[in-house]
Each structure stands twice: as C-alpha cells, then as structure tokens.
Amino acid sequence: QIFMVDDLMYLKRGGRIDPTTALLGTALNIKPILVIDSKDNVNFPGWSHARGYGLFAQNNLGGKDMDRSFTGEVGFTLLPGETRTFTYKVVIKSGGHLTPAQCEACARAFNGDLPE
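Residues numbered from 1 in each chain as written. Predicted model: local features only at pLDDT ≥ 70, side-chain atom pairs only at ≥ 80, totals over all residues. Heavy atoms only, no water.

Participant: I'm lost on the pattern of salt bridges in this one. Help?
Facilitator: Side-chain pairs of opposite charge can arise whenever the charged atoms involved come near each other. Counted according to the given criterion, the structure contains one salt bridge. Two residues, Glu104 and Arg108, come together in a salt bridge whose shortest N-O distance is 2.9 Å. Of this pair, Glu104 and Arg108 both sit in helix H3 (residues 100-111), four residues apart, which is roughly one turn of that helix. You can call Glu104 partly exposed: its relative accessible area is 37%. (Salt bridge = Lys/Arg side-chain N within 4 Å of Asp/Glu carboxyl O. Helix = DSSP H or I, 4+ residues; strand = E, 2+ residues; numbered from the N terminus. Buried < 20%, exposed > 50% of the residue type's maximum accessible area, 1.4 Å probe, protein only.)

Participant: Please clarify how the side chain of Asn60 should be interpreted in this entry.
Facilitator: Mapped onto the secondary structure, Asn60 falls in the loop between strand E3 (56-59) and strand E4 (88-94). Given a relative accessible area of 2%, Asn60 falls into the buried group. Looking at Asn60, its side chain comes within polar contact range of the side chain of Tyr88, at 2.5 Å. Once residues lying within four places of it in the same chain are set aside, the contact partners of Asn60 are Asp37, Asn41, Val42, Asn43, Phe44, Pro45, Gly46, Trp47, Val74, Phe86 and Tyr88. (Polar contact = N/O pair within 3.5 Å; in protein donor to acceptor, adjacent residues only side chain to side chain. Contact = heavy atoms within 4.5 Å.)

Participant: When you look at the packing of aromatic side chains in this model, what are you seeing that I'm missing?
Facilitator: Taken as a whole, this structure holds two aromatic pairs when the rule is applied. Measuring from ring centre to ring centre gives 6.3 Å for Phe76 and Phe86, while their planes differ by 75 degrees; the resulting arrangement is edge-to-face. Highlighted residues: Phe76 in the loop between E3 and E4 and Phe86 in the loop between E3 and E4, separated in sequence by 10 residues. Owing to a relative accessible area of 26%, Phe76 belongs among the partly exposed residues under this scheme. (Phe/Tyr/Trp six-rings, centres within 6.5 Å; stacked < 30°, edge-to-face > 60°.)

Participant: I'm lost on the side chain of Gln58 in this one. Help?
Facilitator: Relative to the assigned elements, Gln58 resides in strand E3. Judged by its relative accessible area of 15%, Gln58 is buried. A polar contact is formed between the side chain of Gln58 and the side chain of Asp37, at a distance of 3.4 Å.

Structural data, given as structure tokens:
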C-alpha cells in the first residue's frame, strides 16, 4: 500500500506532525511515502485511504466501508479479553519518491515472498 505526498503541509494541518517537524521535514525534503501491511495481519492486504486534510490510514477491517466493490466478508471476531496486534512498516525517504521496484523490494524485505 503506497501513500505519496509532495510536501508535509497536510500532515501538519491534520495534526499528524507538529509545525517544527513539518518545517524541518520540508527543508530536508523528507516525505513519508510507503506503508506496508504485514502478511500476518487479518485480511491481508488491508484497505488504504487518504484524505486531503492529512489522514493516511491502513485498515484491515474496513471491507465494504472502505471499498464498495468488495464482495467478500471481513471474517474477524475478537472475543472479550482477546487481543490482536496489527503490524505495519512505514518507510520514510528524503530526496524524492521511491520507484515501484524500490517499493516492491521494501515490501518483500518486510514480508518475504508475496503472491503476485
């Protein structure tokens, strides 16, 4: 799952980062660009979405709420007292965007072999 932003303005506006971080990150040309879902998460791969006000999210339980074309079932129940950990990797790069091949390499390094 890939999120790319040209600057940090919306992340600052949305409260995701503070003004100092936005100023330094912009000056250093740092851009958060990649969120990788773990293949061990329920409903892998999950659904991604972004909003113009700075929200970037990965949701493995979104199903039809995130994707109207989704016809399957989310199929996850958490019983009282049970816990579940969802794991993601966030890649931050300075000086431009990663290429698709670099994104793929990051995903494979995190998850090992993935289905084509």
